[in-house]
Amino acid sequence: MKILITGVSGLLGVNLAQEAMIENEVIGVDRGKLTSAPYNILKLDLLNPGAVDSALDSARPNWLINCAALADLDACENTPYLARLMNTELPAQLAKACKTRGILFAHISTDAVFDGQKEGFYTEEDIPIPLGVYSQTKLAGEQAVLAENQNAIVARVNFYGWSLSGKRSLAEFFHHNLTHNKSMSGFTDVIFCPMLVNDTARTLLKMLKNELEGLYHLVGPQAMSKYQFGVEIARKFSLKESEVSPKSILSSNLTARRSHNLWLSVNKLSTDLGESLPEFSTGLNEFFTQYQQGYPQKIRGYQL
Ligand SMILES: NC(=O)c1ccc[n+]([C@@H]2O[C@H](COP(=O)([O-])OP(=O)(O)OC[C@H]3O[C@@H](n4cnc5c(N)ncnc54)[C@H](OP(=O)(O)O)[C@@H]3O)[C@@H](O)[C@H]2O)c1
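Everything numeric in this text was worked out from a predicted model, so none of it was measured. (Residues numbered from 1 in each chain as written. Predicted model: local features only at pLDDT ≥ 70, side-chain atom pairs only at ≥ 80, totals over all residues.)

**Student:** An account of the site of the ligand is needed here, citing residue identities and associated values.
**Tutor:** Around the ligand lies a shell of 25 residues, among which Gly 7, Gly 10, Leu 46, Ala 69 and Thr 110 are the nearest. Going through the elements one at a time, helix 1 (11–20) and strand 5 (104–110) are the ones with two or more residues in the shell around the ligand. A per-element tally of the shell around the ligand places helix 1 first, with three residues. Within the shell around the ligand, the residues separate by chemical class into 13 nonpolar, six polar and six charged. (Near = placed C-beta within 6 Å. Helix = DSSP H or I, 4+ residues; strand = E, 2+ residues; numbered from the N terminus. Nonpolar A, V, L, I, M, F, W, Y, C, P; charged D, E, K, R; others polar.)

In structure tokens:
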């Protein structure tokens, strides 16, 4: 397959391209960060007039996976107009352009569309209540994509992994600080379902191969607090878990409001794929092996 990946310099994009290129031809859309990636790059700002049509007509892919977004929650609060363009209007435009051309389209959304007030897990049937600009514009993006293109996949994700900057994921923060003997606090009252980004990528590729359609939760099958996650990272890398201290999000000074409970059920996806989603422990083992084998340096070498 020929796969076009937007946001290929992002945490998901760069790892997805790495997984996709094993069996496919990959073309990434990038604004100029990637100078020596092992796949073709279309250098484009997707918000420029005509950029979407130009990308699709020159790449002529079978599949398009949209990983481009304004994904920083606080940046969304500060620039809501840009958040709407990137998280709502661009996905709608891509969905429509793919439908017209017969390209299978997968769009990435977020677990953060829920306000976290429910006890237990959320399914795809639960009504989202977004708490801030990021989640409002992402939810509007999901709805706009499915209105434009009923064959599209919309995947609500949460992932961690190695990024180009070394600072994009919570796992990298824990690892970096603990390695430098800096203590870290982890929220005990924020529950989420982290998945290794390479597992997210491989599962997305399976969803496209199986021609799934509609809304899916694509997160790790195990829920845990951010504090527990930090402890797991420390243990895996033989770092001091005592340097991870429990903290309540209520005592933090983050700009955007965060949900307390982002436990999402993956039952629909595992049923439709006919297999269980990768366990947290296998993902964490791979994250550690990647580190030992120089994977972070390898992907960082793709940029200037
Ligand atoms: N990280 C998580 O755990 C998480 C959780 C839930 C949902 N998600 C969702 O997963 C998706 C990927 O997230 P991520 O963490 O990989 O995000 P990221 O690291 O911030 O990457 C965003 C990507 O979008 C690109 N982009 C932004 N504006 C653009 C423009 N005008 N034209 C072309 N490209 C543009 C960025 O390019 P530059 O490098 O040039 O800025 C970057 O490649 C997003 O939809 C996000 O909402 C992520």
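More follows now that the structure is in view.
**Student:** Summarise the environment of Lys 43; cite the residues concerned and give the values.
**Tutor:** Along the polypeptide, Lys 43 turns up in strand 3 (residues 40–43). Residue classification places Lys 43 among the exposed positions, given that 12 C-beta atoms sit within 10 Å. Excluding residues within four positions of it along the chain, Lys 43 makes contact with Asp 30 and Gly 32. (Buried ≥ 20, exposed ≤ 12 C-beta atoms within 10 Å, placed from the backbone. Contact = placed C-beta atoms within 7 Å.)

**Student:** How would you explain helix 8 (residues 226–236) if you had to name every residue and give the values?
**Tutor:** Listing the buried residues of helix 8 in full gives Lys 226, Tyr 227, Phe 229, Gly 230, Ile 233 and Ala 234. Along the axis of helix 8, the buried residues cluster in a sector spanning 160 degrees; they form a single face. As for helix 8, its buried residues are in contact with helix 6 (170–179), strand 8 (184–187), strand 9 (191–192), strand 12 (224–225) and strand 13 (244–247). Immediately beyond the C-terminal end of helix 8, within one or two residues, lies Ser 238, with a positive phi of roughly 50 degrees. (Arc of directions from axis to C-beta.)

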